[in-house]
Amino acid sequence: MSTVQIQRLARRGERLYRVKLKKLLEPQYKGQYVAIEVDSREYFVGRTVVEALQKAEDRYPNKQFHLIKIGYPAAISFKHPVAL
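Residues numbered from 1 in each chain as written. Predicted model: local features only at pLDDT ≥ 70, side-chain atom pairs only at ≥ 80, totals over all residues. Heavy atoms only, no water.

So, the side chain of glutamine 32: which residues are in play, and what are the values?
Structurally, the position occupied by glutamine 32 is in the loop between helix H1 (3–29) and strand S1 (33–37). On the basis of relative accessible area, glutamine 32 is assigned to the buried category, the value being 15%. Non-local contacts of glutamine 32, meaning those with residues more than four positions away in its chain, are made with Val45, Gly46, Arg47, Ile68, Lys69 and Ile70. (Helix = DSSP H or I, 4+ residues; strand = E, 2+ residues; numbered from the N terminus. Buried < 20%, exposed > 50% of the residue type's maximum accessible area, 1.4 Å probe, protein only. Contact = heavy atoms within 4.5 Å.)

So what about the sheet that holds strand S2 (residues 42–46)? Which residues, and what values?
The three strands are arranged S2-S1-S3 in an open sheet whose pairing can be described as antiparallel. Because the sheet does not close on itself, it has two edges, and the strands there are S2 and strand S3 (66–69). Pairwise comparison of adjacent strand axes, ignoring direction, gives a mean angle of 20° for this sheet. Pairing geometry for S1 and S2, over five bridges, is antiparallel. Its bridge partner lying in S2, alanine 35 is registered against phenylalanine 44. In this fold H1 packs onto S1, S2 and S3, with an angle of close to 35° to the strand it touches most, S3. Helix H2 (residues 49–59) rests against S1, S2 and S3 of the sheet, and its axis sits at about 145° to S2. (Pairing = 2+ DSSP bridges. Axes fitted to C-alpha atoms, helices over the stretch in contact; angles between N-to-C directions.)

These figures capture arrangement, not role.
This is the structure in structure tokens:
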């Protein structure tokens with residue numbers, strides 16, 4: 001996928017989550033992960049990234065997915081130690 005395609009997938013996935021899924025998923029699944037297939041608008045919830053993606057790939061083996069940690073601003077964060 002090109003950078004433009006990845007950005008488009010991310011925008012569509014974020015919008016679907018914000019408009020349709022956030023209110024539905026956050027009360028019950030906060031802290032879990034959702035993989036969103038943006039063309040079909042289907043979503044797959046898992047306790048881990050791997051579980052959510054495996055469910056999504058089982059249904060759509062040749063697609064790309066937008067991944068969100070439910071109830072959080074980012075699915076994965078990285079911390080870089082500061083050298084003093």
